[in-house]
Amino acid sequence: KAGVTQTPRYLIKTRGQQVTLSCSPISGHRSVSWYQQTPGQGLQFLFEYFSETQRNKGNFPGRFSGRQFSNSRSEMNVSTLELGDSALYLCASSLGTSGRSTGELFFGEGSRLTVL
Amino acid sequence: AQSVTQLGSHVSVSEGALVLLRCNYSSSVPPYLFWYVQYPNQGLQLLLKYTSAATLVKGINGFEAEFKKSETSFHLTKPSAHMSDAAEYFCAVSNTDKLIFGTGTRLQVFP
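Rules behind the numbers
Numbering of residues begins from 1 in every chain and follows the order in which that chain's sequence is written. Working convention: letters from A go to chains and numbers from 1 go to ligands, in the order in which they are written. It should be noted that, the model being predicted, local features are given only for residues of pLDDT at least 70 and side-chain atom pairs only at 80 or more, the latter also being counted only at that level, while totals for whole chains, interfaces and linings use all residues. To get the side-chain values, all heavy atoms of the structure are used, and hydrogens and water are removed first. In this analysis, two residues are considered to be in contact whenever any of their non-hydrogen atoms come within 4.5 Å of each other. Each of two parts loses accessible area, computed with a 1.4 Å probe, when they are put together; buried area is these two losses added. Here, a salt bridge means any side-chain nitrogen of Lys or Arg that lies within 4 Å of a carboxyl oxygen of Asp or Glu. In protein, a polar contact means a hydrogen-donor-capable atom and an acceptor-capable atom, both N or O and within 3.5 Å, with residues adjacent in sequence counting only if both atoms are side-chain atoms; elsewhere, any N or O pair within 3.5 Å suffices. Numbering of helices and strands starts at the N terminus; helices are DSSP runs of H or I of at least 4 residues and strands are runs of E of at least 2. Side-chain classes are defined by residue name, with Ala, Val, Leu, Ile, Met, Phe, Trp, Tyr, Cys and Pro counting as nonpolar, Asp, Glu, Lys and Arg as charged, and the others, Gly among them, as polar. We call two strands paired when DSSP finds no fewer than two bridges between them. Axis angles are defined between N-to-C directions and span 0 to 180 degrees, where every axis is a line fitted to C-alpha atoms and, for a helix, only to the segment in contact. A cavity here means a set of points on a 1 Å grid, drawn over the protein atoms and nothing else, where a 1.4 Å probe fits but cannot get out; a pocket is an open set with protein on both sides within 12 Å along at least five of seven lines, and a residue lines either one if it has an atom within 4 Å of a point. Grid points are joined across faces, edges and corners, and a volume is the space filled by probe spheres set on the points. Each residue is assigned to one of three classes by its accessible area relative to the maximum for its type, calculated with a 1.4 Å probe on protein chains only: buried under 20%, partly exposed between the two thresholds, exposed over 50%.

Draft legend 1. Focus on the interface of chain B and chain A. Each side of the interface is counted separately: chain B has 21 residues, and chain A has 21 residues. Buried surface at the junction of chain B and chain A, both sides included, amounts to about 1800 Å², of which 50% is carbon and sulfur. Our count for the contact surface shared by chain B and chain A stands at one salt bridge. For A:Glu104, the salt bridge is made with B:Lys49, and the minimal N-O distance between the two is 2.5 Å. Where chain B packs against chain A, one counts four residue pairs in polar contact (both at pLDDT 80 or more). Of all the secondary structure elements, the ones that give two or more residues to the side of chain B that touches chain A are strand 4 (33-38), strand 5 (44-50), strand 9 (87-95) and strand 10 (98-101) of chain B. A breakdown of the residues in the side of chain B that touches chain A according to their chemical character gives eleven nonpolar, seven polar and three charged.

Draft legend 2. Layout of the sheet that holds strand 1 (residues 5-7) of chain A. Residues and elements named next belong to chain A. On the basis of which strands lie adjacent, the open sheet formed by four strands has the order 1-3-8-7 and antiparallel pairing. Sheet topology places strand 1 and strand 7 (64-68) at the edges, where each strand pairs with a single neighbour. Taken over all neighbouring pairs, the strand axes of this sheet differ in orientation by 15° on average, direction set aside. Note that strand 1 and strand 3 (residues 19-24) share three bridges and pair antiparallel. From the neighbouring strand, Gln 6 faces strand 3, where its bridge partner is Cys 23.

Draft legend 3. Quick look at the layout of surface pockets. If you add up the space inside the largest pocket, you get close to 540 Å³. For the lining of the largest pocket, the elements supplying multiple residues, two or more each, are strand 4 (31-38), strand 9 (87-94) and strand 11 (111-115) of chain A together with strand 9 of chain B. Here the residues of the lining of the largest pocket are counted per class, giving nine nonpolar, 13 polar and five charged.

Draft legend 4. Local environment of the pattern of salt bridges. One pass over the structure, following the stated rule, counts ten salt bridges over all chains. The closest approach of N and O atoms between A:Glu75 and A:Arg73, which form a salt bridge, is 3.3 Å. Note that B:Glu64 and B:Lys58 form a salt bridge whose closest N and O atoms lie 2.8 Å from each other. Among the residues examined, B:Lys58 registers a relative accessible area of 62% and is labelled exposed. Here the residues in one salt-bridge network are A:Arg63, A:Glu82 and A:Asp85, joined through shared partners.

Draft legend 5. Quick peek at the side chain of B:Gln6. Residues and elements named next belong to chain B. Take Gln 6: it is sitting in strand 1 (residues 3-7). Residue Gln 6 is classed as buried on the basis of its relative accessible area, which comes to 8%. A distance of 3.0 Å separates a polar side-chain atom of Gln 6 from the backbone nitrogen of Gly 104. Engagement of the side chain of Gln 6 in a polar contact is seen with the side chain of Thr 105, the distance being 3.3 Å. Leave out the neighbours within four places in its chain, and Gln 6 touches Arg 22, Trp 35, Tyr 89, Phe 90, Cys 91, Gly 102, Thr 103, Gly 104 and Thr 105.

Given below as structure tokens:
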């Protein structure tokens with residue numbers, strides 16, 4: 001069974017540019033969550049999508065957005081990049097049944113974004 | 001609001017020694033608690049979880065954790081460390097539809 005696939009694995013952008021990251025969840029998983037990981041802030045929740053709808057959102061500015069397609073694949077976009085956006089962006093998928101999270105998230109290896 | 005606090009950002013042990021990684025939680029409802037591990041240049045992997053069943057939870061790679069309500073703790077232990085256990089470990093609590101992670105503890109294992 002293939003795991004969670006994130007592309008690209010590494011990318012370098014300059015301030016002011018925008019970036020799109022892609023995540024393909026495990027087959028059959030309908031929920032996709034995104035996290036930002038930085039040395040200073042640790043793991044911070046960005047948003048979660050379930051059946052093409054944003055079900056939960058973290059405390060990030062509107063420059064951070066996402067979407068989910070009918071095949072459960074997800075993309076996140078960051079516009080007007082800032083130096084502080086440099087981070088490892090992790091995608092995680094789960095079955096995503098309703099109710100309290102059982103916590104069984106399956107993570108991809110992440111997309112490492114460097115903003116110069 | 002729910003949160004977790006991991007005591008000690010770095011822990012060093014000798015190979016064969018006991019591993020103890022500390023996690024305390026705060027939750028207004030009975031918590032679901034988790035430990036994840038992250039190896040270098042990889043994503044996170046679930047080690048074990050507590051969801052109100054047995055208080056002593058066994059996970060992969062010989063790790064276990066004990067839920068102690070009176071101490072609001074969920075410490076991770078392993079009787080004998082291996083070099084391959086070197087990684088970063090994250091404690092997390094479930095908040096309805098998302099996980100809230102602690103700041104992580106980096107485990108170093110010396111030969």
